[in-house]
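# Residue-level structural notes
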Amino acid sequence: MRPRTPPLSTLRLFEAAGRHLSFARAASELNLTPSAVSHGIVGLEKALGVKLFVREPGRLALTREGAEYLTYVSEALSLILIGTRRLPTPRSGRTLAISCAPTLATRWLLPRLPAFRSRHPQIAIRIDTSHRQVGFPIDGFDFALRLGRVPTPRHRSVRLFEDWLLPVCSPAQRGAVTGPDGALDLRRATTIHVTSATEDWQAWSDASGAVELASADTLHVDTFAMALQAAAASLGIALGRGALMDRELREGTLVGVGPAVPAATSHWLVSAEGDDDRPEPDLFRTWLLAEARRFAAEQKRRFPTGTA
(Lines give C-alpha, C1' and ligand atoms only; values in the text may rest on other atoms or scores of the structure.)
Protein backbone atom coordinates (compact mmCIF):
# COMPACT_ATOMS: atom_id res chain seq x y z
CA MET A 1 0.00 0.00 0.00
CA ARG A 2 1.40 3.40 -1.01
CA PRO A 3 2.08 5.60 2.06
CA ARG A 4 0.01 8.77 2.39
CA THR A 5 1.85 12.03 1.82
CA PRO A 6 1.93 14.00 5.08
CA PRO A 7 0.21 17.42 5.15
CA LEU A 8 2.36 20.19 3.71
CA SER A 9 2.02 22.17 6.96
CA THR A 10 3.73 19.45 9.00
CA LEU A 11 6.49 19.10 6.42
CA ARG A 12 7.15 22.84 6.71
CA LEU A 13 7.45 22.44 10.48
CA PHE A 14 9.87 19.57 10.04
CA GLU A 15 12.00 21.44 7.50
CA ALA A 16 12.34 24.53 9.69
CA ALA A 17 13.08 22.52 12.84
CA GLY A 18 15.59 20.35 10.97
CA ARG A 19 17.35 23.36 9.50
CA HIS A 20 17.61 25.21 12.81
CA LEU A 21 17.87 22.12 15.03
CA SER A 22 15.64 24.06 17.39
CA PHE A 23 11.88 24.03 17.91
CA ALA A 24 12.09 27.54 19.39
CA ARG A 25 13.88 29.07 16.38
CA ALA A 26 11.60 27.23 13.96
CA ALA A 27 8.59 28.57 15.87
CA SER A 28 9.95 32.12 15.72
CA GLU A 29 10.47 31.84 11.96
CA LEU A 30 6.97 30.45 11.36
CA ASN A 31 5.19 32.73 13.86
CA LEU A 32 4.09 29.79 15.98
CA THR A 33 4.76 28.64 19.52
CA PRO A 34 7.49 26.07 20.24
CA SER A 35 4.76 23.82 21.65
CA ALA A 36 2.85 23.94 18.35
CA VAL A 37 5.99 23.01 16.42
CA SER A 38 6.80 20.18 18.83
CA HIS A 39 3.28 18.74 18.67
CA GLY A 40 3.28 19.00 14.88
CA ILE A 41 6.56 17.07 14.67
CA VAL A 42 5.23 14.40 17.05
CA GLY A 43 2.18 14.02 14.82
CA LEU A 44 4.39 13.69 11.75
CA GLU A 45 6.54 11.05 13.43
CA LYS A 46 3.45 9.05 14.40
CA ALA A 47 2.03 9.28 10.88
CA LEU A 48 5.32 8.13 9.34
CA GLY A 49 6.09 5.57 12.01
CA VAL A 50 9.66 6.91 12.16
CA LYS A 51 11.52 8.92 14.79
CA LEU A 52 12.91 12.05 13.12
CA PHE A 53 14.60 13.81 16.06
CA VAL A 54 16.63 12.88 19.10
CA ARG A 55 15.42 15.07 21.97
CA GLU A 56 17.82 15.65 24.83
CA PRO A 57 17.95 18.40 27.48
CA GLY A 58 19.23 21.51 25.74
CA ARG A 59 19.89 19.66 22.48
CA LEU A 60 17.93 18.66 19.39
CA ALA A 61 19.46 16.42 16.73
CA LEU A 62 18.21 14.64 13.64
CA THR A 63 18.18 10.88 13.55
CA ARG A 64 19.76 9.15 10.57
CA GLU A 65 16.29 8.71 9.05
CA GLY A 66 15.41 12.33 9.86
CA ALA A 67 18.53 13.69 8.19
CA GLU A 68 17.85 11.67 5.05
CA TYR A 69 14.19 12.68 4.99
CA LEU A 70 15.11 16.37 5.46
CA THR A 71 17.07 16.30 2.20
CA TYR A 72 13.99 15.23 0.24
CA VAL A 73 11.59 17.54 2.06
CA SER A 74 13.87 20.59 1.61
CA GLU A 75 14.23 19.91 -2.10
CA ALA A 76 10.49 19.36 -2.53
CA LEU A 77 9.59 22.62 -0.77
CA SER A 78 12.19 24.45 -2.86
CA LEU A 79 10.65 23.11 -6.07
CA ILE A 80 7.19 24.20 -4.95
CA LEU A 81 8.44 27.71 -4.25
CA ILE A 82 10.32 27.94 -7.56
CA GLY A 83 7.25 26.73 -9.45
CA THR A 84 5.06 29.27 -7.66
CA ARG A 85 7.44 32.07 -8.53
CA ARG A 86 7.28 31.14 -12.20
CA LEU A 87 3.49 31.49 -12.35
CA PRO A 88 2.37 34.54 -14.33
CA THR A 89 1.11 37.43 -12.20
CA PRO A 90 -0.84 40.56 -13.10
CA ARG A 91 1.94 42.73 -11.69
CA SER A 92 4.58 44.10 -14.02
CA GLY A 93 7.28 43.55 -11.42
CA ARG A 94 7.90 41.53 -8.30
CA THR A 95 9.34 41.94 -4.84
CA LEU A 96 12.98 41.21 -4.14
CA ALA A 97 13.44 39.83 -0.63
CA ILE A 98 16.78 40.59 1.02
CA SER A 99 18.10 39.41 4.38
CA CYS A 100 20.65 41.75 5.96
CA ALA A 101 22.02 42.47 9.41
CA PRO A 102 20.34 45.56 10.93
CA THR A 103 23.42 47.78 11.18
CA LEU A 104 24.65 47.06 7.66
CA ALA A 105 21.11 47.54 6.32
CA THR A 106 20.60 50.96 7.92
CA ARG A 107 24.13 52.29 7.50
CA TRP A 108 25.25 50.90 4.14
CA LEU A 109 22.41 49.39 2.09
CA LEU A 110 19.47 51.74 2.71
CA PRO A 111 21.35 54.97 1.85
CA ARG A 112 22.17 53.47 -1.55
CA LEU A 113 18.77 51.97 -2.38
CA PRO A 114 17.17 55.17 -3.75
CA ALA A 115 19.53 54.96 -6.73
CA PHE A 116 18.34 51.43 -7.52
CA ARG A 117 14.67 52.35 -7.02
CA SER A 118 14.99 55.32 -9.36
CA ARG A 119 16.39 53.06 -12.09
CA HIS A 120 13.93 50.21 -11.51
CA PRO A 121 10.74 51.60 -9.95
CA GLN A 122 8.80 48.47 -10.95
CA ILE A 123 10.85 46.30 -8.56
CA ALA A 124 9.69 46.38 -4.95
CA ILE A 125 12.18 45.67 -2.15
CA ARG A 126 11.59 43.83 1.13
CA ILE A 127 14.41 43.88 3.69
CA ASP A 128 14.44 41.47 6.65
CA THR A 129 16.87 42.30 9.47
CA SER A 130 16.06 39.43 11.81
CA HIS A 131 19.08 37.41 12.91
CA ARG A 132 17.95 34.09 11.49
CA GLN A 133 19.46 31.54 9.20
CA VAL A 134 18.16 31.84 5.66
CA GLY A 135 17.31 28.75 3.66
CA PHE A 136 17.46 29.31 -0.11
CA PRO A 137 15.00 29.31 -1.74
CA ILE A 138 12.60 27.87 0.83
CA ASP A 139 12.33 31.02 2.93
CA GLY A 140 11.46 33.15 -0.09
CA PHE A 141 14.62 35.27 0.01
CA ASP A 142 16.48 36.24 -3.12
CA PHE A 143 19.66 37.47 -1.41
CA ALA A 144 21.38 37.65 1.94
CA LEU A 145 24.16 40.07 2.86
CA ARG A 146 26.46 38.26 5.25
CA LEU A 147 29.72 38.83 7.10
CA GLY A 148 32.20 35.97 6.96
CA ARG A 149 35.76 34.84 6.42
CA VAL A 150 34.98 32.48 3.53
CA PRO A 151 32.13 31.99 1.03
CA THR A 152 28.95 30.45 2.41
CA PRO A 153 28.97 26.72 1.55
CA ARG A 154 26.32 25.31 -0.78
CA HIS A 155 25.29 28.78 -1.93
CA ARG A 156 26.42 31.27 -4.54
CA SER A 157 28.61 33.78 -2.66
CA VAL A 158 30.20 36.88 -4.17
CA ARG A 159 32.51 39.08 -2.10
CA LEU A 160 31.11 42.61 -1.92
CA PHE A 161 34.05 44.28 -0.20
CA GLU A 162 36.64 43.85 2.50
CA ASP A 163 36.45 46.01 5.60
CA TRP A 164 38.70 47.90 8.02
CA LEU A 165 38.89 47.85 11.81
CA LEU A 166 39.57 51.33 13.16
CA PRO A 167 39.50 52.65 16.75
CA VAL A 168 37.29 55.74 16.85
CA CYS A 169 36.21 58.28 19.45
CA SER A 170 34.61 61.71 19.60
CA PRO A 171 36.75 64.68 18.53
CA ALA A 172 36.49 66.06 22.08
CA GLN A 173 38.03 62.91 23.53
CA ARG A 174 40.87 62.46 21.08
CA GLY A 175 43.42 64.43 23.07
CA ALA A 176 42.59 62.55 26.26
CA VAL A 177 43.30 59.10 24.82
CA THR A 178 46.53 59.83 22.96
CA GLY A 179 50.01 60.26 24.33
CA PRO A 180 52.41 63.19 23.81
CA ASP A 181 53.39 61.73 20.43
CA GLY A 182 49.78 61.58 19.28
CA ALA A 183 49.66 57.77 19.39
CA LEU A 184 46.71 55.96 20.94
CA ASP A 185 47.28 55.05 24.58
CA LEU A 186 44.64 52.55 25.69
CA ARG A 187 45.71 52.97 29.31
CA ARG A 188 44.04 56.36 29.17
CA ALA A 189 40.84 55.10 27.54
CA THR A 190 37.63 53.20 28.11
CA THR A 191 37.35 50.57 25.40
CA ILE A 192 33.85 49.81 24.11
CA HIS A 193 33.25 46.14 23.33
CA VAL A 194 30.46 44.70 21.14
CA THR A 195 29.42 41.39 22.68
CA SER A 196 28.23 39.94 19.36
CA ALA A 197 31.30 40.96 17.32
CA THR A 198 33.33 38.24 15.64
CA GLU A 199 36.39 40.52 15.63
CA ASP A 200 37.04 42.72 18.64
CA TRP A 201 39.97 44.50 20.26
CA GLN A 202 42.15 41.40 20.41
CA ALA A 203 41.89 40.98 16.63
CA TRP A 204 42.81 44.64 16.13
CA SER A 205 45.74 44.31 18.55
CA ASP A 206 47.10 41.24 16.78
CA ALA A 207 46.85 42.89 13.34
CA SER A 208 48.17 46.31 14.38
CA GLY A 209 50.98 45.10 16.58
CA ALA A 210 49.73 47.10 19.56
CA VAL A 211 51.79 46.18 22.59
CA GLU A 212 49.47 47.41 25.34
CA LEU A 213 45.88 46.15 25.06
CA ALA A 214 44.80 46.74 28.66
CA SER A 215 42.58 49.80 29.00
CA ALA A 216 41.58 51.98 31.93
CA ASP A 217 37.99 50.69 31.81
CA THR A 218 35.57 48.79 29.58
CA LEU A 219 32.01 49.25 28.40
CA HIS A 220 30.07 46.37 26.83
CA VAL A 221 27.15 46.81 24.39
CA ASP A 222 25.36 44.37 22.09
CA THR A 223 25.31 46.20 18.73
CA PHE A 224 27.77 48.15 16.57
CA ALA A 225 25.28 51.01 16.31
CA MET A 226 25.21 51.37 20.10
CA ALA A 227 29.01 51.22 20.25
CA LEU A 228 29.30 54.07 17.76
CA GLN A 229 26.70 56.13 19.62
CA ALA A 230 28.58 55.57 22.87
CA ALA A 231 31.85 56.66 21.28
CA ALA A 232 30.23 59.78 19.79
CA ALA A 233 28.93 60.58 23.30
CA SER A 234 32.54 60.45 24.63
CA LEU A 235 31.90 57.29 26.65
CA GLY A 236 35.01 55.62 25.27
CA ILE A 237 36.75 54.29 22.17
CA ALA A 238 34.86 51.96 19.83
CA LEU A 239 36.43 49.56 17.39
CA GLY A 240 34.44 50.40 14.28
CA ARG A 241 34.14 48.92 10.81
CA GLY A 242 34.53 51.22 7.85
CA ALA A 243 31.27 50.14 6.23
CA LEU A 244 29.29 50.73 9.41
CA MET A 245 30.59 54.20 10.33
CA ASP A 246 31.19 55.84 6.96
CA ARG A 247 28.69 58.60 7.75
CA GLU A 248 30.23 59.48 11.12
CA LEU A 249 33.75 59.65 9.69
CA ARG A 250 32.60 61.90 6.85
CA GLU A 251 30.62 64.20 9.16
CA GLY A 252 33.38 64.30 11.77
CA THR A 253 31.28 63.08 14.71
CA LEU A 254 33.83 60.28 15.06
CA VAL A 255 37.56 60.45 14.37
CA GLY A 256 40.07 57.67 13.93
CA VAL A 257 42.72 57.11 16.60
CA GLY A 258 45.38 54.50 16.12
CA PRO A 259 46.05 52.41 13.02
CA ALA A 260 43.33 51.02 10.77
CA VAL A 261 43.85 47.35 9.89
CA PRO A 262 42.10 45.04 7.38
CA ALA A 263 39.40 42.91 8.97
CA ALA A 264 39.65 39.14 8.63
CA THR A 265 35.99 38.99 7.62
CA SER A 266 34.42 40.40 4.46
CA HIS A 267 30.88 41.27 3.37
CA TRP A 268 29.33 38.75 0.96
CA LEU A 269 26.28 38.68 -1.30
CA VAL A 270 24.72 35.23 -0.94
CA SER A 271 22.00 33.66 -3.09
CA ALA A 272 20.76 30.29 -4.23
CA GLU A 273 23.27 28.20 -6.19
CA GLY A 274 21.07 27.85 -9.28
CA ASP A 275 19.69 31.14 -10.64
CA ASP A 276 16.47 31.14 -12.63
CA ASP A 277 15.70 33.26 -15.67
CA ARG A 278 13.99 36.15 -13.83
CA PRO A 279 15.55 39.53 -14.65
CA GLU A 280 14.98 41.24 -11.27
CA PRO A 281 17.67 39.40 -9.25
CA ASP A 282 20.23 39.95 -12.01
CA LEU A 283 19.46 43.66 -12.10
CA PHE A 284 19.87 43.97 -8.34
CA ARG A 285 23.06 41.87 -8.25
CA THR A 286 24.67 43.91 -11.04
CA TRP A 287 23.76 47.19 -9.35
CA LEU A 288 24.88 46.11 -5.86
CA LEU A 289 28.24 44.78 -7.05
CA ALA A 290 28.90 48.09 -8.83
CA GLU A 291 28.06 49.97 -5.61
CA ALA A 292 30.35 47.67 -3.65
CA ARG A 293 33.24 48.26 -6.07
CA ARG A 294 32.86 52.02 -5.71
CA PHE A 295 32.77 51.77 -1.93
CA ALA A 296 35.81 49.47 -1.85
CA ALA A 297 37.76 51.97 -3.96
CA GLU A 298 36.80 54.77 -1.54
CA GLN A 299 37.98 52.67 1.39
CA LYS A 300 41.36 52.03 -0.23
CA ARG A 301 41.81 55.74 -0.89
CA ARG A 302 40.94 56.52 2.72
CA PHE A 303 43.28 53.90 4.15
CA PRO A 304 45.92 53.46 1.42
CA THR A 305 48.51 51.95 3.74
CA GLY A 306 46.24 50.60 6.47
CA THR A 307 46.80 53.54 8.82
CA ALA A 308 44.37 56.10 10.14
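Below, the structure is looked at part by part. (Residues numbered from 1 in each chain as written. Predicted model: local features only at pLDDT ≥ 70, side-chain atom pairs only at ≥ 80, totals over all residues. Heavy atoms only, no water.)

### Side note on the overall build of the chain
In terms of helices and strands, the chain carries ten helices and eleven strands. For the chain, with 308 residues in total, the buried portion stands at 46%. Sequence separation of 24 or more characterises 76% of the internal contacts of the chain that already satisfy a separation of 6 or more. Roughly 16,100 Å² of accessible area belongs to the chain as shown, and the carbon and sulfur atoms make up 56% of that amount. (Helix = DSSP H or I, 4+ residues; strand = E, 2+ residues; numbered from the N terminus. Buried < 20%, exposed > 50% of the residue type's maximum accessible area, 1.4 Å probe, protein only. Contact = heavy atoms within 4.5 Å. Areas by Shrake-Rupley, 256 points an atom, 1.4 Å probe, with all protein chains shown as cover.)

### Comments concerning the packing of aromatic side chains
In the structure shown here, the tally under the stated rule is eleven aromatic pairs. With a centroid separation of 5.7 Å and an interplanar angle of 80°, the aromatic rings of Phe 23 and Phe 53 are classed as edge-to-face. Of this pair, Phe 23 sits in helix 2 (residues 23–30) while Phe 53 is found in strand 1 (residues 53–56), placing the two residues 30 residues apart along the sequence. Its relative accessible area of 0% is what places Phe 53 among the buried residues. Taking the centre distance of 5.1 Å and the plane angle of 45° together, the rings of Trp 108 and Phe 161 count as tilted. Highlighted residues: Trp 108 in helix 5 (residues 102–109) and Phe 161 in strand 6 (residues 156–169), separated in sequence by 53 residues. Across the pair, exposure class does not vary: Trp 108 and Phe 161 are buried alike. (Phe/Tyr/Trp six-rings, centres within 6.5 Å; stacked < 30°, edge-to-face > 60°.)

### Digging into the packing of helix 2 against helix 3 (residues 34–48)
As a packed pair, helix 2 and helix 3 sit with axes 8 Å apart at the nearest point and diverge in direction by 110°. The angle between helix 2 and helix 3 places the two elements in the roughly perpendicular class. The segment helix 2 lies against helix 3, with Phe 23, Ala 24, Ala 26 and Ala 27 engaging Pro 34, Val 37, Ser 38 and Ile 41. (Axes fitted to C-alpha atoms, helices over the stretch in contact; angles between N-to-C directions. Parallel < 35°, antiparallel > 145°, perpendicular 65-115°, else oblique.)

### Description of the pairing of strand 5 (residues 143–148)
Sheet analysis places strand 3 (residues 95–100) next to strand 5, joined by three bridges and oriented parallel. In the sheet register, Ile 98 faces strand 5, and the bridge partner there is Phe 143. (Pairing = 2+ DSSP bridges.)

### As for the environment of Phe 53
Counting along the chain gives twelve residues from Phe 53 to Ile 41, while the straight-line C-alpha distance between them is 8.8 Å. Sequence-distant contacts of Phe 53, defined by excluding residues within four places in its chain, comprise Phe 14, Ala 17, Gly 18, Phe 23, Ile 41, Glu 45, Leu 60, Ala 61, Leu 62 and Thr 63.

### A short note on the environment of Tyr 69
Here Tyr 69 is to be found in helix 4 (residues 64–85). When its relative accessible area of 22% is taken as the criterion, Tyr 69 is described as partly exposed. Linking Tyr 69 and Gly 18, residues 51 residues apart in sequence, is a C-alpha distance of 9.8 Å. Excluding residues that lie within four positions of it along the chain, Tyr 69 makes contacts with Pro 6, Leu 11, Phe 14, Leu 48 and Leu 52.

### Focus on the pattern of salt bridges
Under the counting rule described, the total for this entry stands at 18 salt bridges. Residues Asp 185 and Arg 188 are paired through a salt bridge, measuring 3.3 Å at the closest nitrogen-oxygen approach. What you see here is one network of salt bridges that share partners, running through Arg 12, Glu 15, Arg 19 and Glu 29. (Salt bridge = Lys/Arg side-chain N within 4 Å of Asp/Glu carboxyl O.)

### Observations concerning the nonpolar core
Here is a general trend for soluble globular proteins: nonpolar side chains tend to be buried in one another's company. Grouped together as the largest cluster of nonpolar side chains are 41 residues, with contacts concentrated most on Trp 108, Leu 145, Leu 160, Val 168, Phe 284 and Leu 288. Looking at this core element by element, the count peaks at six residues for helix 10 (residues 279–302). Sequence-distant contacts of Leu 145, that is, excluding residues within four places in its chain, are made with Ile 98, Ser 99, Cys 100, Ala 101, Leu 104, Leu 109, Leu 160, Trp 268, Leu 269 and Leu 288. Counting residues in hydrophobic clusters, the runner-up holds 17 residues, among them Leu 13, Ala 26, Val 37 and Ile 41. (Core = buried A, V, L, I, M, F, W, Y, C linked by side-chain atoms within 4.5 Å.)

### Quick look at the packing of helix 1 (residues 8–20) against helix 2
The interhelical angle for the contact between helix 1 and helix 2, taken along N-to-C directions, is 125°, at an axis separation of 8 Å. Between helix 1 and helix 2, the interaxial angle falls into the category oblique. Along this stretch, helix 1 crosses helix 2, giving a crossing that reads as right-handed. Each of Arg 12, Leu 13, Ala 16, Ala 17, Arg 19 and His 20 in helix 1 lies in contact with helix 2, whose residues at this interface are Phe 23, Arg 25, Ala 26, Glu 29 and Leu 30. (Left-handed = near helix turned anticlockwise from the far one by under 90°.)

### Examining unusual backbone geometry
The backbone phi angle of Leu 21 is positive, close to 50°, even though this residue is not glycine. In this structure, Leu 21 sits in the loop between helix 1 and helix 2. Positioned with a positive phi, Asn 31 is a non-glycine residue whose angle comes to about 60°. Position of Asn 31 relative to the elements: it lies in the loop between helix 2 and helix 3. With relative accessibility at 70%, the residue Asn 31 sits in the exposed group.

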